[in-house]
Amino acid sequence: MGLQHEEKEILRFTTAGSVDDGKSTLIGRLLFDSKSIYEDQIDNLQKISEKKGISHLELAHLTDGLKDEREQGITIDVAYRYFATPKRKFIIADTPGHVQYTRNMITGASTANLALILVDARKGVIEQTKRHSFIASLLQIQHIVVCVNKMDLVDYGEERFNEIIEEYKSFASKLRINDVRFIPISALNGDNVVDKSANMPWFSGDSLLGTLENIHISSDHNLVDCRFPVQNVIRPFSDEFHDYRGYAGRVTSGIFKKGDEVMVLPSGFKSKIQSIVLGEEELEEAFPPQSVTINLEDEIDISRGDMIVREHNQPEPQQDVEAMLCWMNSDVMSPRAKYAIKHTSVEARAMIKEVLYKVDINTLHRQEEYDTIGMNDIIRVKMRTTKPLLVDEYNQNKGTGSFILIDESTNETVAAGMVI
Amino acid sequence: MRKYALSHLQELEAEAIYILRETAAQFENPAILFSGGKDSILVTALARKAFYPAKIPFTFLHVDTGHNFPETIAFRDQLMEQLGAKLVVGLVEDSIKSGSVKEETGIDANRNKLQTTTLLEAIEEHQFDACIGGGRRDEEKARAKERFFSHRDDFGQWNPKNQRPELWNLLNGKLNMGENFRVFPISNWTELDVWQYLTLNNIAIPSLYFAHERQVIRRQGTWIPNSEFISLRPKEEVVTKKIRFRTLGDITITGGSESEADTLELILEEVAIARQTERGNRSDDKRSETAMEDRKKEGYF
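Conventions adopted
Residues numbered from 1 in each chain as written. Chains lettered and ligands numbered in written order. Predicted model: local features only at pLDDT ≥ 70, side-chain atom pairs only at ≥ 80, totals over all residues. Helix = DSSP H or I, 4+ residues; strand = E, 2+ residues; numbered from the N terminus. Rg over C-alpha atoms; globule rule 2.2 N^0.38 Å. Buried ≥ 20, exposed ≤ 12 C-beta atoms within 10 Å, placed from the backbone. Contact = placed C-beta atoms within 7 Å. Axes fitted to C-alpha atoms, helices over the stretch in contact; angles between N-to-C directions. Parallel < 35°, antiparallel > 145°, perpendicular 65-115°, else oblique. Pairing = 2+ DSSP bridges. Nonpolar A, V, L, I, M, F, W, Y, C, P; charged D, E, K, R; others polar. UniProt positions renumbered as here; feature names shortened; annotations may be inferred. Domains from an automatic or database assignment. pLDDT = per-residue confidence, 0-100. Core = buried A, V, L, I, M, F, W, Y, C linked by C-beta atoms within 7 Å. Expected span 1.5 Å × (residues − 1).

## Observations regarding the overall build of chain B
Scanning chain B from N- to C-terminus turns up eight helices and ten strands. Scaling as 2.2 N^0.38, a compact globule of 301 residues should have a C-alpha radius of gyration of about 19 Å, and chain B matches this with 19 Å. The principal-axis extents of the C-alpha atoms in chain B amount to approximately 55 × 55 × 40 Å. Residues classed as buried in chain B amount to 54% of the 301 residues present. Sequence separation of 24 or more characterises 75% of the internal contacts of chain B that already satisfy a separation of 6 or more.

Set out below in structure tokens:
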């Protein structure tokens, strides 16, 4: 079968939607039609469908989660699903679409290459569509696929599909979105999900699965700006590796090559890359998102939180950081409060000095007046940190442009931040 | 494959190594939960790679029900010696003797549920602040919602509604007194990914995974191995079959399936075309629709 030599790329995508827009049915359909469902799961599905007195297989049940979720018929948290085709392995971050779950959408969006947005063909673009699109643009998801679902309920009409495209485009012009595509589907009947639909011969584009398999994701990583945050220092203390000192980390961006001249921040010491290793294997170069160990020619003092970069391309050390924050905790933000901040492998403390405005995520309006900042709020702030952080703008570099804030009394993650 | 792109296995490996290194950096006293099954063997192999040429900076913790396959224990001891690792064993037998759990009785009795108490006792005794496990999100619906860093309260309980959001690759391992974390570096791997990786990297696994002749009993649609812990029910008979195990748990609850796959390549083929879920032969998951969720809330692996 040669499976062991099979190489696939991973595509991570996020979906959001409410109970009735067919999101669960669509995911169920993708899993079912790509043959990712086992026979015992199908048997179980049949039993559940029979118990409920439904004649067809209730595909939505494939994504059923925890006891509370099943009882209430909703998704509470991000659920991860997996399927693969001969071309790609897919990781779905399935998140609920309600306004009170914005934080879950953001969590799912933070690692996604692509956002799948569902629109009910009868209803067109609604608040939830806008909210999800805004979050996709805020988190800089590179690709958006808008699935106009339930086309069977509008007689598979091309005109209705085009109307929704226009509606979406006029709203999305206010957002920063690089690549958006539209596909008319019926998740229930399988039209344009895996195979092209005979019911919509007027649609010339690819099916949803075809799109997911073929969309070009190679430019999603920044290969220009070299950033290597050090996670651990590897010191074996053994006879065989007596003076060994390796710097373990994951390449955030850029390409590091053996022999490259590098600089270590914040100290500013310069050295050359002696070797790059992964386990027992030596590599000529390392690129994102590889985890490797870098050995330098000179013995210099480096510890967790330092960053290996190029002399002529350095991140800006900043103590005054301006950022967009998504509040993710039920405790409201206290004015001028101090939080722990995690940025790359660095930990420091940060104070929120000023809130510039809050974004109304349904209208995209900036509100300069508001009562409190609480769960699911998105705000622009000015912060001061206890030590300089080596940041890049989030739009240039997600890895060095993102951070989280942690409440020091509860230790909970209270906010996600993106450097402007 | 284009230049500067990773294959799915390379990307999963990079992610797991990153998480293992964060665990070493963020916790004082982490342990790898080692069961002798393929997933914990994979986690061990990844940990070795993450810190090479240094030793794996984690203690190994095995919760031994006393109902293990002898092959599993032999494999464990050999691997530990090879790695020069520190192994601590939590014995369910000790929890029974001390009275913190009661042995189940009846025909379906097993020690699967009792493990949770022994695990929590071992965590407390050795003051582990993070336990690294081989749990995967594709295994079971309750596991689909797990975090890489899964927070447990001071009773070791999992509260699915109160988990910290995980953004980008920023992991928050801060804890209060008495709390601890479970860490799942291979969350995003599927069963097929695991077998592909083991095959590609030629990683040793217990012989139980390969097809072999064994005395078995037909029970609940699967072949349960005959052992001293099994009591035969009326009409049941012991037969000899060529079987292999797809997952390894206690000898009392792990069912095998008939197979001729006696090499990693053949197993890989079998897994790729399998039409039944991996845990379908595990009677511990069959107790109820929410068996895994309920056990996880109590502090199970």
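Having seen it, we continue.
## Notes on the overall build of chain A
Looking only at helices and strands, one finds eight helices and 22 strands in chain A. Among the 420 residues that make up chain A, the fraction classed as buried is 46%. In chain A, once contacts between residues fewer than 6 apart in sequence are set aside, the share between residues at least 24 apart is 70%.

## Section: the packing of helix 1 (residues 8–26) of chain B against helix 2 (residues 38–51) of chain B
All names here are of chain B. It is at 9 Å that the axes of helix 1 and helix 2 come closest, and there the two elements cross at 75 degrees. Taken together, the axis directions place helix 1 and helix 2 in an arrangement best described as roughly perpendicular. Across from Glu13, Ala16, Ile17, Leu20 and Arg21 in helix 1, the residues of helix 2 making contact are Leu46, Ala47, Lys49 and Ala50.

## Observations regarding the sheet that holds strand 4 (residues 130–132) of chain B
Adjacent strands of a sheet form backbone hydrogen bonds with each other and so pair up, either parallel or antiparallel. All names here are of chain B. Taken together, six strands build an open sheet; the order of strands is 3-2-1-4-6-5 and the sheet is mixed. The outermost strands of the open sheet, each flanked by one partner alone, are strand 3 (87–91) and strand 5 (149–152). Across the sheet, the mean angle separating the axes of adjacent strands is 30 degrees when strand polarity is ignored. Here strand 1 (residues 30–33) runs beside strand 4; their pairing, made up of three bridges, is parallel. Each residue of the ladder has a partner; that of Ile32, found in strand 4, is Ile132. Helix-sheet contacts for helix 5 (residues 115–126) involve strand 2 (59–64), strand 3, strand 4 and strand 6 (180–183), and the interaxial angle to strand 3 is about 135 degrees.

## Quick look at the packing of helix 1 of chain B against helix 6 (residues 191–200) of chain B
All names here are of chain B. Two numbers describe how helix 1 lies on helix 6: the axes approach to 11 Å, and their chain directions differ by 95 degrees. Here helix 1 is positioned roughly perpendicular relative to helix 6, judged by the angle of their axes. Across from His8, Leu9 and Leu12 in helix 1, the residues of helix 6 making contact are Asp193, Gln196, Tyr197 and Leu200. Here the contact of helix 1 with helix 6 is composed, by residue class, of four nonpolar, two polar and one charged.

## Side note on helix 6 of chain B
Helical periodicity: at 3.6 residues per turn, an α-helix aligns residues three or four positions apart in one direction. Residues and elements named next belong to chain B. For helix 6, a buried count of seven out of ten residues is recorded, marking the element as mostly surrounded by other parts of the structure. Along helix 6, the residues that are buried comprise Glu191, Asp193, Val194, Trp195, Gln196, Tyr197 and Leu198. Considering only its buried residues, helix 6 is in contact with helix 1, helix 2 and helix 7 (264–272). Two residues or fewer after helix 6 comes Asn202, characterised by a positive phi angle close to 55 degrees.

## What about the interface of chain B and chain A?
On the side of chain A, 58 residues touch chain B, which itself brings 53 residues to the contact. Elements with a minimum of two residues in the side of chain B that touches chain A: helix 1, helix 2, helix 6 and helix 7 of chain B. A total of nine residues in the side of chain B that touches chain A trace back to one element, the largest contributor, which is helix 1 of chain B. Of the residues in the side of chain B that touches chain A, the class split is 24 nonpolar, twelve polar and 17 charged.

## With respect to the UniProt feature "domain: Phosphoadenosine phosphosulphate reductase" (unreviewed entry) in chain B
UniProt's entry tags residues 30–254 of chain B with the feature "domain: Phosphoadenosine phosphosulphate reductase" (unreviewed entry), counted in the numbering of this structure. Summarising residues 30–254 of chain B: 25% helix, 20% strand, and an end-to-end C-alpha distance of 29 Å.

## A look at the domain arrangement of chain B
All names here are of chain B. Along its sequence, chain B is carved into domain 1 (8–189 + 290–298) and domain 2 (196–283). Inter-centroid distance (C-alpha atoms) of domain 1 to domain 2 is 23 Å. Contact residues are listed per partner, giving 20 residues for domain 1 and 23 residues for domain 2. Of all the elements in the fold, those that place two or more residues in the side of domain 1 that touches domain 2 are helix 2 and helix 3 (70–83). Sort the elements by how many residues they give to the side of domain 1 that touches domain 2 and helix 2 lands first, with four residues. Here the side of domain 1 that touches domain 2 is built from residues that sort into seven nonpolar, eight polar and five charged.

## Considering the domain arrangement of chain A
A common way to state how big an interface is: give the accessible area lost once the parts meet. Residue and element names in this part refer to chain A. Looking at chain A, the domain boundaries give domain 1 (3–220), domain 2 (228–309) and domain 3 (316–419). Residue-level contacts link ten residues of domain 2 with nine residues of domain 3. Of the residues forming the side of domain 2 that touches domain 3, the biggest block, three residues, is contributed by strand 7 (residues 228–234). Residues that form the side of domain 2 that touches domain 3 fall into these classes: five nonpolar, four polar and one charged.

## Let's talk about the confidence of the model for chain B
For chain B, the average pLDDT comes to 88, and 95% of its residues sit at 70 or higher. Confidence, expressed as mean pLDDT per element, reaches its minimum in chain B at helix 8 (residues 291–298) of chain B with 74 and its maximum at strand 1 of chain B with 98.

## Here's the deal with unusual backbone geometry
Here Leu265 of chain A and Pro266 of chain A are connected by a cis peptide whose omega angle stands at 5 degrees. Inspection of the secondary structure assignment puts Pro266 of chain A in the loop between strand 10 (261–265) and strand 11 (269–278). For Phe237 of chain A, which is not glycine, the phi dihedral falls at a positive 50 degrees. The residue Phe237 of chain A is located in the loop between strand 7 and strand 8 (246–250) in this model. In this structure, Trp168 of chain B is a non-glycine residue whose phi angle is positive, near 45 degrees. Secondary-structure assignment places Trp168 of chain B in the loop between strand 5 and strand 6.

## Structural notes on the nonpolar core
One finds Ala115 and Cys147 of chain A together with Ile32 and Leu61 of chain B to be the most contacted residues of the largest nonpolar core, which totals 168 residues. For Cys147 of chain A, the residues in contact, after removing those within four places along its chain, are Leu26, Leu116, Leu118, Ile183, Ile185 and Leu208 of chain A.

## Some thoughts on helix 1 of chain B
Compared with an ideal rise of 1.5 Å per residue, which puts 19 residues at 27 Å, helix 1 of chain B spans 27 Å between its outermost C-alpha atoms and is within 8% of the ideal. Burial runs high along helix 1 of chain B: 17 of the 19 residues are buried.

## Observations regarding the environment of Arg181 of chain A
As for its position among the elements, Arg181 of chain A is in strand 6 (residues 179–184). Separated by 167 residues in sequence, Arg181 of chain A and Ala348 of chain A have C-alpha atoms that sit 41 Å apart.

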